[in-house]
Amino acid sequence: MIVHIARHELRSLFLSPLAWVVLALVQLLLAYIFLLNIVNFIAGQDQLALNPQAPGATLLVVMRMLGNVPTLLMVVIPLITMRMLSDEKRLYTRVLLLSSPLSMRTIVLGKYLAVMVFFGFSWLMIALMAVSLSLGTELDLGHIAAALLAIFLLIMAFVAMGLYMSSLTAQSAIAAMATFSLVLLLWIVDSGVELDGGDSLLSHISMSHHYQTLLSGLVALESVAYFLLVAAVFLLLTVRQLHRERVYG
């Protein structure tokens, strides 16, 4: 049943012009950054050849491109998740949803799976873009795999947060703004303590800290568990919100 709901939601997504615009925007911007990094890398070959310890294409091209992915995701994911539940409340169809024999967990997981599959296409294009350089140069595929894992985990967390915000309001614009604000808060929460150079509680709850850890090639269990926990918590909050509306109206 989860797959059936996901298929229905995914069909609705791809029938929306906004979904295609989002996919195109992400790919065009990342392709531009990717090509710009390649041009700069080729232009600096003479200087890099003089330094035997100089970084290669993995760091100077691929990682620089992947470092811009979170900024794009912060903008585009709220645009997709904002209508997943808020529109049903605004159009008064949530009553039918809540009165269905399906459990709230099934409904939430179905919608979550649909958005994950949608952004899975974008993630796959990013992965293909990154490994395409292996046709012309040597890459650290292990490092790239860790970075791609970081992006996938980031998508999981962002989508779960977007679904929860969408369940709280009937206004999709408010849901999008609330998702962006929450994501941005968790991203920069440790910005004030980075200058100290020490480890703090804020660093442990900062998305940017864990993302940069994985982006550096270190697959830390703490960072992986952090993103999985954030996704699970917000999915549970979404289920609880819908269950409260079903019981209390």
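Everything below is about the structure shown above.
Residues numbered from 1 in each chain as written. Predicted model: local features only at pLDDT ≥ 70, side-chain atom pairs only at ≥ 80, totals over all residues. Heavy atoms only, no water.

What should I look at first to understand the overall build of the chain in this one?
Assigned secondary structure in the chain consists of 13 helices and zero strands. Tracing the chain from N to C terminus, the helices and strands come up as α-α-α-α-α-α-α-α-α-α-α-α-α. When the accessible surface of the chain is summed, it comes to about 12,900 Å², and 70% of that surface belongs to carbon and sulfur atoms. (Helix = DSSP H or I, 4+ residues; strand = E, 2+ residues; numbered from the N terminus. Areas by Shrake-Rupley, 256 points an atom, 1.4 Å probe, with all protein chains shown as cover.)

What is the right way to look at the pattern of salt bridges in this model?
Any two side chains of opposite charge can pair, given that their charged atoms come close. Scanning the model with the defined rule gives one salt bridge in all. Note that Glu9 and Lys111 form a salt bridge whose closest N and O atoms lie 2.7 Å from each other. One end of the pair, Glu9, is in helix α1 (residues 2-14); the other, Lys111, is in helix α8 (residues 104-131), and 102 residues separate them in sequence. Overall, Glu9 belongs to the buried group, its relative accessible area being 12%. According to the relative accessible area criterion, Lys111 is buried, its value standing at 2%. (Salt bridge = Lys/Arg side-chain N within 4 Å of Asp/Glu carboxyl O. Buried < 20%, exposed > 50% of the residue type's maximum accessible area, 1.4 Å probe, protein only.)

Whenever I open this one, the packing of α8 against helix α9 (residues 141-168) confuses me. Can you help?
Where α8 contacts α9, the two axes come as close as 10 Å, and the packing angle between them is 150 degrees. If you check the angle between α8 and α9, you find them roughly antiparallel. Here the hand of the crossing between α8 and α9 comes out right-handed. Along the contact surface, α8 presents Val108, Lys111, Tyr112, Val115, Met116, Phe119, Trp123, Ile126, Ala127, Ala130 and Val131, while α9 presents Ile144, Leu148, Ile151, Phe152, Ile155, Met156, Val159, Ala160 and Leu163. When the residues that make up the contact of α8 with α9 are grouped by side-chain class, the tally is 19 nonpolar, no polar and one charged. (Axes fitted to C-alpha atoms, helices over the stretch in contact; angles between N-to-C directions. Parallel < 35°, antiparallel > 145°, perpendicular 65-115°, else oblique. Left-handed = near helix turned anticlockwise from the far one by under 90°. Contact = heavy atoms within 4.5 Å. Nonpolar A, V, L, I, M, F, W, Y, C, P; charged D, E, K, R; others polar.)

Before we go on, may I ask you to explain the packing of aromatic side chains in this structure?
For any two aromatic rings, the description comes down to two numbers: the centre-to-centre distance and the angle of the planes. Scanning the model with the defined rule gives eight aromatic pairs in all. Ring plane angle 80 degrees and centroid distance 5.8 Å describe the contact between Phe14 and Phe121, whose orientation is recorded as edge-to-face. With Phe14 in helix α1 and Phe121 in helix α8, the pair connects residues that are 107 residues apart, well separated along the chain. Judged by its relative accessible area of 22%, Phe14 falls in the partly exposed class. Residue Phe121 is classed as partly exposed on the basis of its relative accessible area of 44%. Relative to Phe119, the ring of Phe118 lies with its centre 5.1 Å away and its plane at 90 degrees, an arrangement referred to as edge-to-face. For the pair shown, Phe118 and Phe119 are each scored as buried. (Phe/Tyr/Trp six-rings, centres within 6.5 Å; stacked < 30°, edge-to-face > 60°.)

Can you walk me through the environment of Met104 in this structure?
Among the secondary structure elements, Met104 is positioned in helix α8. Residue Met104 is classed as buried on the basis of its relative accessible area, which comes to 4%. Considered as a pair, Met104 and Arg240 are 136 residues apart in the sequence and their alpha carbons are 8.1 Å apart.

Can you walk me through the nonpolar core in this structure?
Side chains of nonpolar character tend, in soluble globular proteins, to be buried together. In this structure, Leu66, Phe119, Met207 and Tyr211 are the most contacted members of the largest nonpolar core, which totals 76 residues. Considering every element that reaches this core, the biggest residue donor is α9, with 17 residues. Apart from residues no more than four positions distant in its own chain, Tyr211 is found in contact with Leu66, Val69, Pro70, Ala150, Ile151, Leu154, Trp187 and Phe227. (Core = buried A, V, L, I, M, F, W, Y, C linked by side-chain atoms within 4.5 Å.)

Please explain helix α4 (residues 57-66) as it appears in this structure.
Along an α-helix, residues three or four apart share an orientation, since each turn contains 3.6 residues. Across the 10 residues of α4, eight count as buried, placing the element largely inside the fold. The set of residues buried in α4 consists of Ala57, Thr58, Leu60, Val61, Val62, Met63, Met65 and Leu66.

Before we go on, may I ask you to explain the environment of Val219 in this structure?
Along the chain, the position of Val219 falls in the loop between α12 (207-215) and α13 (221-248). Judged by its relative accessible area of 48%, Val219 is partly exposed. With near-sequence residues (within four places) excluded, Val219 lies in contact with Ala146, Leu149, Leu214 and Val224.

Please clarify how the side chain of Gln241 should be interpreted in this entry.
As for its placement among the helices and strands, Gln241 is situated in helix α13. Classification of Gln241 as buried rests on a relative accessible area of 13%. A polar contact of 2.8 Å, which involves the side chain of Gln241, links it to the side chain of Arg244. When neighbours within four sequence positions are excluded, Gln241 is seen to be in contact with Ser167 and Leu168. (Polar contact = N/O pair within 3.5 Å; in protein donor to acceptor, adjacent residues only side chain to side chain.)

I keep staring at the packing of α9 against α12 and nothing clicks. Help me out?
Packing of α9 against α12 brings their axes to within 7 Å, and their N-to-C directions diverge by 155 degrees. By the angle between their axes, α9 is roughly antiparallel relative to α12. Residue-level contacts link His143, Ala146, Ala147, Ala150, Ile151, Leu153, Leu154, Ala157, Phe158 and Met161 of α9 to Met207, Tyr211, Leu214 and Leu215 of α12. Its residues assigned to classes, the contact of α9 with α12 comprises 13 nonpolar, one polar and no charged.

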